[in-house]
Amino acid sequence: SVPPGAEKTRNIIAKLSDLFRYQLKASKEEFVTVQEELDFVTQYLDLEKERFGERLNYKVSINEDLLSDLVPPLIIQPIVENAVKHGISPLITGGEVRILIRKAANQLLIEVSDTGVGMDQKSKNEVFIKGIGLSNTHKRLEKMYKKGLELSDNEPNGLVVRFSIN
């Protein structure tokens with residue numbers, strides 16, 4: 001018989017293995033499909049849900065026909081991780097992370113929003129200097145597409161991080 005909790009532990013280990021496998025594969029690729037990137041991000045979020053339980057919810061909105069578009073690997077996850085760690089985690093009630101991907105004017109628009117604690121203007125100005133995860137993602141995007149991340153307030157609370165890929 002399987003000891004109680006062993007099944008859950010096995011699932012977590014399997015998810016972690018998948019995450020590491022993707023990171024290894026992605027480190028060798030210049031681009032991956034949106035589908036691959038989103039699979040990675042949702043697996044990451046599922047793992048975080050193991051920790052946060054009901055305090056963390058997420059929603060992904062995308063048109064099916066964009067799933068085969070190409071994006072730099074590991075570009076969405078650091079933004080999502082930042083939302084969970086700094087936005088949702090400090091709140092006793094938790095919150096929601098939303099990922100929205102759409103196409104406009106031949107650009108892929110990617111938006112990660114959370115209903116967390118948000119960020120004041122001073123922090124927004126400093127985030128690309130101090131924050132490791134977001135500043136690295138910002139620099140990567142600037143290097144590849146000449147424009148980085150945009151931060152704005154989510155209504156009624158939280159943060160929205162946007163970027164576009166052409």
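Quick notes on the rules
Residues numbered from 1 in each chain as written. Predicted model: local features only at pLDDT ≥ 70, side-chain atom pairs only at ≥ 80, totals over all residues. Heavy atoms only, no water. Core = buried A, V, L, I, M, F, W, Y, C linked by side-chain atoms within 4.5 Å. Buried < 20%, exposed > 50% of the residue type's maximum accessible area, 1.4 Å probe, protein only. Helix = DSSP H or I, 4+ residues; strand = E, 2+ residues; numbered from the N terminus. Salt bridge = Lys/Arg side-chain N within 4 Å of Asp/Glu carboxyl O. Polar contact = N/O pair within 3.5 Å; in protein donor to acceptor, adjacent residues only side chain to side chain. Contact = heavy atoms within 4.5 Å. Phe/Tyr/Trp six-rings, centres within 6.5 Å; stacked < 30°, edge-to-face > 60°. Axes fitted to C-alpha atoms, helices over the stretch in contact; angles between N-to-C directions. Left-handed = near helix turned anticlockwise from the far one by under 90°. Nonpolar A, V, L, I, M, F, W, Y, C, P; charged D, E, K, R; others polar.

Visitor: Looking at this model, I keep getting lost on the nonpolar core. Mind explaining?
Guide: A general tendency of soluble globular proteins is for nonpolar side chains to be buried together. Ranked by size, the top nonpolar core spans 41 residues in total, and within it Ile76, Val80, Ile101, Leu149 and Phe163 carry the most contacts. For this core, the secondary structure elements donating two or more residues are α1 (6-26), α2 (34-52), α3 (77-88), β4 (95-104), β5 (107-114), α4 (121-130), α5 (132-145) and β7 (159-165). Here the element with the most residues in this core is α2; it accounts for eight residues.

Visitor: Sorry, what's going on with the pattern of salt bridges here?
Guide: According to the stated counting rule, one finds eleven salt bridges in the structure shown. The closest approach of N and O atoms between Arg10 and Glu7, which form a salt bridge, is 2.9 Å. With Arg10 and Glu7 both in helix α1, this residue pair falls three residues apart, about one helical turn. Residue classification places Arg10 among the partly exposed positions, given a relative accessible area of 47%. For Glu7, a relative accessible area of 42% gives the class partly exposed.

Visitor: Explain the side chain of Thr42 to me, please; I cannot follow it from the model alone.
Guide: Its place among the elements puts Thr42 in helix α2. Here the side chain of Thr42 touches Asp39 through a polar contact of 3.1 Å, landing on its backbone oxygen. In contact with Thr42, other than residues within four places in its own chain, are Tyr58 and Val60.

Visitor: I keep staring at the packing of aromatic side chains and nothing clicks. Help me out?
Guide: Given two aromatic rings, one states the distance between the centres and the angle between the planes to describe the pair. Enumeration over the complete set of coordinates arrives at one aromatic pair. Here Tyr22 and Phe40 contribute two aromatic rings whose centre-to-centre distance is 4.6 Å and whose plane-to-plane angle is 25 degrees, an arrangement assigned as stacked. In this pair, Tyr22 sits in helix α1 while Phe40 sits in helix α2, placing the two residues 18 residues apart along the sequence. Accessibility classification places Tyr22 together with Phe40 in one group, the buried group.

Visitor: When you look at the packing of α1 against α2 in this model, what are you seeing that I'm missing?
Guide: Between two packed helices, the angle of one axis relative to the other and the distance separating the axes together describe the packing. Direction vectors running N to C along α1 and α2 enclose 145 degrees, while the axes themselves pass 10 Å from each other. Every pair of crossing elements has a handedness; the one defined by α1 and α2 is left-handed. For the pair α1 and α2, contact is made by Lys8, Ile12, Lys15, Leu16, Asp18, Leu19, Tyr22, Gln23 and Lys25 and by Glu36, Glu37, Phe40, Gln43, Tyr44, Asp46, Leu47 and Glu50, respectively. Tallied by class, residues from the contact of α1 with α2 come to seven nonpolar, two polar and eight charged.

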